[in-house]
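# Commentary on secondary and tertiary structure
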Amino acid sequence: MIDLTNNTCPAEDPVQAAYRHTRQATLVLCEPLEIEDYGLQAMPEVSPPGWHLAHTSWFFETFILKPFAGGYRPFHSAYEYLFNSYYHGVGEQYPRARRGLLSRPGVREILDYREYIDAAMTGLLADVDHAERATILQRCELGLHHEQQHQELLCTDIKFCFSFNPLYPALGRTPLAVPASARRPLAFMDFGGMDARIGYDASGFHFDNEGPAHRFHLPAFRLADRLLTNAEYRAFMEDGGYSNPGLWLADGWVWKEASEVAHPRYWVQRDGEWFEYTLHGLSPLDPDLPVSHVNYYEADACARWFGKRLPAEQEWEAACRQLGCVPEHAPVMLHPRAAGGDGGIVQMFGSLWQWTHSAYSPYPGYRPAKGAIGEYNGKFMCNQMVLRGSSCVTAPGHTRSSYRNFFYPRDQWQFTGIRLADDP
Ligand SMILES: [Fe+2]
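Just so it is clear, the structure is predicted and the values come from calculations on it, not from any experiment.

Moving on to the overall build of the protein. Counting its regular elements, the protein contains nine helices and 12 strands. Here the C-alpha atoms of the protein give a radius of gyration of 22 Å, agreeing with the 22 Å that 2.2 N^0.38 yields for 424 residues. Overall, the protein is about 65 × 50 × 40 Å in size when its C-alpha atoms are taken along their principal axes. The contacts of the protein with a sequence gap of at least 6 include a subset with a gap of at least 24, amounting to 78%. Taken as a whole, the protein presents about 18,500 Å² of accessible surface, with 53% of it coming from carbon and sulfur. Averaging the positions of the 37 positive and the 50 negative side-chain charges in the protein gives two centres separated by 2 Å.

Okay, here's the thing in structure tokens:
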């Protein structure tokens, strides 16, 4: 469900409130940015903040206002092309790798575009007698969840771009706060074999890739009760983890050799000491924080070094359901915290996305929706791996136990971590 907890106007229609709150949350995330930051694009996979602000508005314009708002006039005729991400059913797209060259429209005009879309959406949502009301509400909810996904991408993308700046800019206004917590030993929880119910089976919002719900036979398995820490990952590194081909998948070894990577994406060594770039700036590497920004190859190699493996996505979901883990409606944090508590499974949500060894592929019976909107998830079901949970920069209320995130095995710039699994 979209988070309505910040609704300060109780009399407001809940859909209008959700729309207003979610759109506002995107702007709040951008408040610490300087005007020069809005065009940064350090690699094709990341998008400049200005593009995210425009594209999320484009989504409402393209899939709701143009088809359903009678007499709607587009804000600018070129925006359909400029801010189309990947929807061939809509038309041609401006090349993804060149989004950083779009200094025009400037930030002011992009914000005008957002206001224009918001005004039109507010008017359309107020038309409770609209003949296509049900479809409008359905697409509006999808648009808000899409906006939340881009809120997270705003954070991950600007972190990647900032990391090339020796000043290590911060998005947070305060240094990284590390609450004192007892060091928690790594333990494994046992789960018996089961016919698990997998996929979304309730009546709320979910993405199409979470269904259809189905039974999946799982042999007994074990799952780590917390994420791996920086100290544990460092032990893997210092034992020659990055120079032992026996620990690596073949594709991973090729990636590692070609990229010459030898540590997690944002670790920085100075005078023999390790530091970590976070959205609070550069901080001494905290051994107890979960290791973050590792890709699938690194996660898999580290798991092998531990004599363990990564979980299957069905193991993760079944454990989550059995233990009743649900995401907290906690505000976005710019860096994950250390594992707290002294028992039970932790960090399933709100810390780091957790790599699974499951390829991102359709569930039995999956069919994408017809038309351009069907391009949202289905066409990416090839060569990517599933990540489960959520991260510290995931919007409150965005995920659930059936949520399937997906990235390429080489990708390091998301807030990704490692939860080990094992066989009994
Ligand atoms: Fe998008």
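Next up on the list: the pattern of salt bridges. Taken as a whole and assessed by the stated rule, the structure comprises 24 salt bridges. As a salt-bridge pair, Asp-288 and Arg-183 come within 2.8 Å of each other at their nearest N and O atoms. Here Arg-183 lies in the loop between helix H5 (133–162) and strand E1 (188–191) and Asp-288 lies in the loop between strand E7 (281–284) and helix H8 (296–305), a separation of 105 residues in the sequence. Residue Arg-388 is joined to Glu-317 by a salt bridge in which the shortest nitrogen-to-oxygen separation is 2.8 Å. Of this pair, Arg-388 sits in strand E9 (residues 385–388) while Glu-317 sits in helix H9 (residues 313–323), and the two are 71 residues apart along the sequence. Residues joined by salt bridges that share partners form a network here, namely Arg-197, Asp-201, Glu-313, Glu-317, Arg-321, Arg-388 and Arg-404.

It is worth spelling out the packing of aromatic side chains at this point. Here the structure, examined in full by the defined rule, presents 41 aromatic pairs. Taking the ring centre of Trp-51 as reference, the NZ or CZ of Arg-99 above it sits at 3.6 Å. One Lys or Arg, Lys-256, reaches over the ring of Trp-253 and ends 4.3 Å from the middle of that ring.

Within the structure shown, the criterion is met by one cavity of 30 Å³ or more. Considered as a void within the structure, the largest cavity measures approximately 50 Å³ in volume. Lining the largest cavity are Leu-29, Cys-30, Leu-33, Pro-49, Leu-154, Cys-155, Ile-158 and Leu-171. Here the lining of the largest cavity takes three residues from H5, the largest share from any one element. Its residues placed into classes, the lining of the largest cavity shows eight nonpolar, no polar and no charged.

Conventions and cut-offs
- Residues numbered from 1 in each chain as written.
- Predicted model: local features only at pLDDT ≥ 70, side-chain atom pairs only at ≥ 80, totals over all residues.
- Heavy atoms only, no water.
- Helix = DSSP H or I, 4+ residues; strand = E, 2+ residues; numbered from the N terminus.
- Rg over C-alpha atoms; globule rule 2.2 N^0.38 Å.
- Contact = heavy atoms within 4.5 Å.
- Areas by Shrake-Rupley, 256 points an atom, 1.4 Å probe, with all protein chains shown as cover.
- Lys, Arg positive; Asp, Glu negative; His and termini not counted.
- Charge placed at Lys NZ, Arg CZ, Asp CG, Glu CD.
- Salt bridge = Lys/Arg side-chain N within 4 Å of Asp/Glu carboxyl O.
- Phe/Tyr/Trp six-rings, centres within 6.5 Å; stacked < 30°, edge-to-face > 60°.
- Lys NZ or Arg CZ within 6 Å of the ring centre and 35° of its normal.
- 1 Å grid on protein atoms, 1.4 Å probe; cavity = no way out; pocket = protein on both sides within 12 Å on 5 of 7 lines; lining within 4 Å.
- Points joined across faces, edges and corners; volume = space filled by probe spheres on them.
- Nonpolar A, V, L, I, M, F, W, Y, C, P; charged D, E, K, R; others polar.

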